[in-house]
Amino acid sequence: MNSDSTLRVAAELKNLSVIRRFVEETASALGADRDMIADVILATDEAATNVIVHGYQNQPGPIEIELHRSGDAIVIHMRDRSPPFDPTSVPPPDVTQPLDERPLGGMGIHLIRQLMDEITHRLLPQGGNELTMTKKGVT
């Protein structure tokens with residue numbers, strides 16, 4: 001299966017389960033193994049949560065998630081219409097600091113970076129953001 005699969009949902013926390021199920025079913029159909037699927041689900045869930053909570057600030061808006069296979073990789077494009085924000089510009093957290101001395105937040109983006117092989121961001125011409133996450137290793 002090499003065709004694109006797309007999900008469009010309202011940016012609401014209650015839709016995270018729909019997003020996770022879509023990612024799991026699509027990545028499986030694209031040939032990903034269980035470990036890869038788990039990584040892709042978690043990274044997508046973190047990114048979607050960031051869009052809902054920080055991008056839209058719990059206000060109405062759409063999220064579009066597209067998955068496809070490109071060679072040995074699963075590619076996820078997440079699009080939203082929230083204010084511009086480039087998560088790739090966020091510096092990595094200082095994980096050597098004790099937990100109680102670290103600022104709140106920032107670990108979701110760090111987790112996405114650890115789980116995925118490539119992450120890019122672009123502003124959409126019509127407004128909004130597109131985050132592209134790539135996970136290599138599909139056999």
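Look up a bit, the structure's there.
Definitions and limits used
- Residues numbered from 1 in each chain as written.
- Predicted model: local features only at pLDDT ≥ 70, side-chain atom pairs only at ≥ 80, totals over all residues.
- Heavy atoms only, no water.
- Core = buried A, V, L, I, M, F, W, Y, C linked by side-chain atoms within 4.5 Å.
- Buried < 20%, exposed > 50% of the residue type's maximum accessible area, 1.4 Å probe, protein only.
- Helix = DSSP H or I, 4+ residues; strand = E, 2+ residues; numbered from the N terminus.
- Salt bridge = Lys/Arg side-chain N within 4 Å of Asp/Glu carboxyl O.
- Pairing = 2+ DSSP bridges.
- Axes fitted to C-alpha atoms, helices over the stretch in contact; angles between N-to-C directions.
- Contact = heavy atoms within 4.5 Å.

Undergrad: Lay out the nonpolar core in plain terms, naming residues and giving numbers.
TA: One finds Ile63 and Leu67 to be the most contacted residues of the largest nonpolar core, which totals 32 residues. When contributions to this core are tallied by element, the ones reaching two or more residues are strand 1 (5-10), helix 1 (16-29), helix 2 (34-55), strand 2 (62-70), strand 3 (73-80), helix 3 (107-115) and strand 5 (129-136). At nine residues, helix 2 tops the list of elements feeding residues into this core.

Undergrad: Lay out the pattern of salt bridges with the relevant residues and their values.
TA: Under the definition given, this model contains nine salt bridges. Asp39 is the partner of Lys135 in a salt bridge, and the nearest nitrogen-oxygen pair spans 3.1 Å. Taken together, the positions of Lys135 in strand 5 and Asp39 in helix 2 put the pair 96 residues apart, joining distant regions of the chain. For Lys135, a relative accessible area of 12% corresponds to the buried category.

Undergrad: Go over the sheet that holds strand 2, please, and point to the residues and values.
TA: Here five strands make up an open sheet; going across it, the order is 1-2-3-5-4 and the pairing antiparallel. Since the sheet does not close on itself, it has two edges, and those belong to strand 1 and strand 4 (118-123), each with one partner. Each strand axis lies, on average, 15° off the axis of its neighbour in the sheet, ignoring direction. Two elements, strand 1 and strand 2, share six bridges in a ladder whose sense is antiparallel. In the sheet register, Leu7 faces strand 2, and the bridge partner there is Ile65. Of the strands in this sheet, strand 1, strand 2 and strand 3 touch helix 1, which is tilted by about 175° from strand 1.

Undergrad: An account of unusual backbone geometry is needed here, citing residue identities and associated values.
TA: Unlike most non-glycine residues, Gln57 shows phi in positive territory, near 50°. By secondary structure assignment, the location of Gln57 is in the loop between helix 2 and strand 2. The backbone phi angle of Asn58 is positive, close to 65°, even though this residue is not glycine. Mapped onto the secondary structure, Asn58 falls in the loop between helix 2 and strand 2.

Read these as spatial facts, not as claims about activity.
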